[in-house]
Amino acid sequence: MERVAVLGAGSWGTAFAKVLADAGTDVVLWARRPEVADAIAAGRVNADYLPDIVLPDNLAATSDAAKALDGAEAVVLAVPSQTLRANLSGWRDLLPPDATLVSLAKGVELGTLKRMSEVVREVAGVPEDRVAVVSGPNLAREIAAEQPTATVIACTDHDRAVDLQHACSNSYFRPYTNVDVVGCELGGACKNVIALACGMAAGMGFGDNTMASLITRGLAETARLGEALGADPLTLAGLAGLGDLVATCASPLSRNRSFGERLGRGDSLAQAQEAAHGQVAEGVKSCSSIRELAARLDVDMPITEGVHRVCHEGMDPRVLTAALLGRERKAERQ
């Protein structure tokens, strides 16, 4: 795999493009705004998202999607989960035949309740063995700074996963392969919601016991949903499950954690969004779709339910705390 297109020049898209380039792969990064692409091409920096990171020379940038996709052996989709369908619909006719389509998005689509790989398959009209996902403890700023990390590349076609593994392996980025796409995607989507809850707890002044409890019980409800959808439990105990969950819940670099912290301090959703420069954390939307998916499958997800109520029904986070602690007592594994 010698040439890869990355569509989306946000922090994670730019960081992953750098990972590929540092692994020796030729990369074309597509940016929606021409001025961003021009600045990357001229100054080797994405000033809007990773201002202190110098990008490699084998990373090209363009705002022309056709140019980015021309001859690409893999197409990395680095756009937010709730905009993936609309963006991919515009790119569908430009996709190279047999290119591997790689989703970096972590979420469950509102309305359809589809995972991102399912959205890609539906919109692009491709079989499941052409779609891969990347998930793990991958905070973009740390990766861009070349701090060591690991991740999971999941695809039902193991050979495609291995090709991608070779394309992005470098001295600071270690990818593992997996065929459990469902488990990897659920881990990535649900951790954003649990990170919002951890942020709320931090904003209310709670400490490490509370964080550990939320992370552990958050993993338990994610595992219940995974079991209902046929995921491998070991996937959720690995990098795409527990690893991603810990990083996102604990790090101040996590947008979901930081967003939740503002809600815990008493900010409204609008105030938290304003503080985040107009951006809404992925978990704010995914909590609703994951909650609905859980209800459809009769899966108990009390933290997800509570986060939805705080974000969309005006519940005070302190009421959520009392509600979680006041639930019916039961055995840990129920």
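Residues numbered from 1 in each chain as written. Predicted model: local features only at pLDDT ≥ 70, side-chain atom pairs only at ≥ 80, totals over all residues. Heavy atoms only, no water.

In this section: the overall build of the chain. Scanning the chain for helices and strands turns up 16 helices and 8 strands. Overall, the chain is about 55 × 40 × 35 Å in size when its C-alpha atoms are taken along their principal axes. Each of the 334 residues in the chain was classed as buried or not, and the buried ones make up 54%. Intrachain contacts of the chain at a sequence separation of at least 6 include 71% that bridge at least 24 residues. (Helix = DSSP H or I, 4+ residues; strand = E, 2+ residues; numbered from the N terminus. Buried < 20%, exposed > 50% of the residue type's maximum accessible area, 1.4 Å probe, protein only. Contact = heavy atoms within 4.5 Å.)

What follows covers the packing of helix 4 (residues 84–91) against helix 5 (residues 116–124). Running from amino to carboxyl end, helix 4 crosses helix 5 at an angle of 30°, the nearest separation of the two axes being 10 Å. Considering the angle they form, helix 4 stands roughly parallel to helix 5. Seen along the crossing, helix 4 lies across helix 5 with a hand that is right-handed. For the pair helix 4 and helix 5, the contacting residues are Leu84, Arg85, Leu88 and Ser89 in the first and Met116, Val119, Val120, Glu122, Val123 and Ala124 in the second. Grouping the constituent residues of the contact of helix 4 with helix 5 by class yields 7 nonpolar, 1 polar and 2 charged. (Axes fitted to C-alpha atoms, helices over the stretch in contact; angles between N-to-C directions. Parallel < 35°, antiparallel > 145°, perpendicular 65-115°, else oblique. Left-handed = near helix turned anticlockwise from the far one by under 90°. Nonpolar A, V, L, I, M, F, W, Y, C, P; charged D, E, K, R; others polar.)

A separate point is the pairing of strand 4 (residues 74–77). Neither face of strand 4 is exposed, since Ala74 and Val76 on one face and Val75 and Leu77 on the opposite face are all buried. Direction of pairing for strand 1 (residues 3–7) relative to strand 4: parallel, over a ladder of 4 bridges. Following the sheet pairing, Leu7 is matched in strand 4 by Leu77. As paired strands, strand 4 and strand 5 (residues 100–103) are joined by 4 bridges and run parallel to one another. Paired with Ala74 across the strands is Thr100, a residue of strand 5. (Pairing = 2+ DSSP bridges.)

In terms of nonpolar packing, the biggest core is built from 40 residues, with Leu196, Met200, Leu225, Phe259, Ile290 and Val307 touching the most fellow members. In terms of residue count, the dominant contributor to this core is helix 8 (residues 181–203) (13 residues). If we ignore the near neighbours within four places in the chain, the residues touching Phe259 are Leu196, Leu269, Ala272, Gln273, Ala276, Gln279, Val280, Ala281 and Val284. Among the nonpolar cores identified, the runner-up in size contains 39 residues, and Leu20, Leu55, Ala132 and Ala140 belong to it. (Core = buried A, V, L, I, M, F, W, Y, C linked by side-chain atoms within 4.5 Å.)

Moving on to the sheet that holds strand 5. The strand order 3-2-1-4-5-6-7-8 describes an open sheet built from 8 strands, whose pairing is mixed. This sheet does not close on itself; its edge strands, each paired only once, are strand 3 (59–62) and strand 8 (173–178). Each strand of the sheet is rotated relative to its neighbour by a mean of 25°, with strand direction disregarded. Packing against the sheet, helix 11 (residues 239–250) makes contact with strand 6 (131–135), strand 7 (149–155) and strand 8, and its axis sits at approximately 140° to strand 7.

A few words now on the UniProt feature "active site" (unreviewed entry) in the chain. With numbering matched to this structure, UniProt assigns "active site" (unreviewed entry) to Lys191. As for its position among the elements, Lys191 is in helix 8. In this structure, Lys191 is in contact with Lys106, Asp244, Leu245, Thr248 and Cys249, ignoring residues within four places of it in sequence. (UniProt positions renumbered as here; feature names shortened; annotations may be inferred.)

Turning next to the environment of Thr210. Along the chain, Thr210 falls in helix 9 (residues 208–228). The partly exposed category is assigned to Thr210, whose relative accessible area is 27%. For the pair Thr210 and Asp98, spaced 112 residues apart in sequence, the C-alpha separation works out to 47 Å.

A positive phi angle, close to 60°, is found at Arg44, a residue other than glycine. In this fold, Arg44 is placed in the loop between helix 2 (34–43) and strand 3. According to the relative accessible area criterion, Arg44 is buried, its value standing at 15%. Phi is positive for Glu146, close to 65°, though the residue is something other than glycine. Looking at where Glu146 falls in the secondary structure, it is placed in the loop between helix 6 (140–144) and strand 7.

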